[in-house]
Amino acid sequence: FQAEDGIRDSVASRGLGDVYKRQHLDRLKYSLNETKISCSIEDCKTEIEKLLSESKSEDGYIYYQVSRGVDSKRSHFFEESDCERFGFVEEFSFSSQTPLRVMLVDDIRWQRCDIKSTSLLGNVLQMNDAKSMGCNEILMHKNGELTEGGASNIFFVKDKTIYTPELSSNILPGITRHQVIKIIKDKKLDFQEGSYGINDLNEASSIWFTSTTKGIVGVEEIVNLETKINPECELLEICKDAFVKKYFS
Ligand code: PMP
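The text that follows walks through the structure, step by step, so that each part is easy to find. (Residues numbered from 1 in each chain as written. Predicted model: local features only at pLDDT ≥ 70, side-chain atom pairs only at ≥ 80, totals over all residues. Heavy atoms only, no water.)

### Quick word on the sheet that holds strand β1 (residues 6-12)
One open sheet holds the three strands; their spatial order is β1-β2-β3, and the pairing between them is antiparallel. Both outer strands of the open sheet, β1 and β3 (84-91), are each paired with one neighbouring strand and no more. Strand after strand, the sheet turns through a mean of 15° between neighbouring axes, direction not considered. The strands touched by helix α2 (residues 41-54) within the sheet are β1, β2 (60-67) and β3, with β2 carrying the most contacts at an inclination of about 150°. (Pairing = 2+ DSSP bridges. Helix = DSSP H or I, 4+ residues; strand = E, 2+ residues; numbered from the N terminus. Axes fitted to C-alpha atoms, helices over the stretch in contact; angles between N-to-C directions. Contact = heavy atoms within 4.5 Å.)

So this is what it looks like as structure tokens:
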């Protein structure tokens, strides 16, 4: 399993219900198909469920990954091999998220970020540069077009409308993103999905990140961009409350 040849997913182990878990499994299956790794999704499901049932922690998530398996010789071509599966449970508190300090960076990743692969070098390098500037997330753009965070999807608010970049091969179809969009639509809030640029961030009154481990969390500052963001955002609070009620109470 050289050449970053594997896929991965993280499934929350508490409160998110069967629909949420099914979406993680569907995404795992999509990633396996797109990377042509032959592995039974039923085996993955059984193992993830075993990890969930054996988990002693109240709050946590499961990290699970599948690689193509061991190469008999170093080569760029696939050979018949048994996939290798690996997973663990991590204790984690979903309720202790504080607003993020983020850095705006070039999206230097490959062009199939819709696959949840283990190829994370682009994210890792940029996230560690950002960490050295006191940040805990990055906000990426490709040639000026907003894509996503290093480990999350992004939303922003401008003139009381909530926006998020539309799905493409440059964005991971986040399961939390999907749930948040459902909440926004249920609440009949003004919402648009499309293609947005850095100038939209200059105008935004609030910016949010979403992920399985973060839930929905606001941004307090983009360290290298002038913005008008205000930590008090009514729309953020409405979505956060609905998210917590729906999945964690
Ligand atoms: N984008 C990237 C690059 C991620 O790594 C993640 C976290 N897995 C997300 C978005 C958010 O996805 P999810 O809501 O399914 O955790």
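### Quick word on the site of the ligand
Around the ligand sit 16 residues in total, of which R27, K116, E148, T176 and T212 are the nearest. Taking K116, its side chain carries an N or O atom lying 2.4 Å from a nitrogen atom of the ligand. In this structure, T212 approaches the ligand through a side-chain N or O atom, which is 2.6 Å from an oxygen atom. Relative to its unbound accessible surface of 390 Å², the ligand loses 94% to contact with the protein. Its atoms largely coinciding with the cavity grid, the ligand occupies the largest pocket. In the shell around the ligand, the residues fall into three nonpolar, eight polar and five charged. (Near = heavy atom within 4 Å. Polar contact = N/O pair within 3.5 Å; in protein donor to acceptor, adjacent residues only side chain to side chain. Areas by Shrake-Rupley, 256 points an atom, 1.4 Å probe, with all protein chains shown as cover. 1 Å grid on protein atoms, 1.4 Å probe; cavity = no way out; pocket = protein on both sides within 12 Å on 5 of 7 lines; lining within 4 Å. Sits in = over half its atoms within 2 Å of the grid points. Nonpolar A, V, L, I, M, F, W, Y, C, P; charged D, E, K, R; others polar.)

### Details of the packing of aromatic side chains
Under the counting rule described, the total for this entry stands at seven aromatic pairs. Plain terms: the ring middles of Y61 and F92 are 5.7 Å apart, the flat faces sit at 75° to each other, and that makes the pair edge-to-face. With a gap of 31 residues between them, Y61 in strand β2 and F92 in the loop between β3 and β4 (100-106) connect regions that are remote in the sequence. Overall, the relative accessible area of 15% leaves Y61 in the buried class. Note on F92: relative accessible area 25%, which makes it partly exposed. Each residue in the set Y63, F86 and F88 is aromatic and connected to the rest through ring pairs, giving one cluster. (Phe/Tyr/Trp six-rings, centres within 6.5 Å; stacked < 30°, edge-to-face > 60°. Buried < 20%, exposed > 50% of the residue type's maximum accessible area, 1.4 Å probe, protein only.)

### Points about unusual backbone geometry
Its identity is not glycine, yet K160 carries a phi of approximately 65°, on the positive side. Within the secondary structure, K160 sits in the loop between β7 (153-158) and β8 (161-165). A positive phi is found at K188, a non-glycine position, where the angle reads about 55°. Its place among the elements puts K188 in the loop between α4 (175-186) and β9 (191-194).

### A few points about the pairing of β8
Among the five residues that make up β8, five are buried, leaving the element largely enclosed by the rest of the structure. Going residue by residue along β8, you find T161, Y163 and P165 tucked away on one face and I162 and T164 tucked away on the opposite face as well. In terms of strand pairing, β7 meets β8 through three bridges, oriented antiparallel. Note that in β8 the partner of F156 across the bridge is Y163. Bridging between β8 and β9 involves four bridges; their strand directions are parallel. In the strand pairing of β9, Y163 is matched with Q192. Following the backbone out of β8, through α4 and into the adjacent parallel β9, one traces a crossover that is right-handed. (Right-handed = clockwise from strand over helix to strand, strands pointing away.)

So far we have only geometry, and geometry alone does not tell us how the molecule works.
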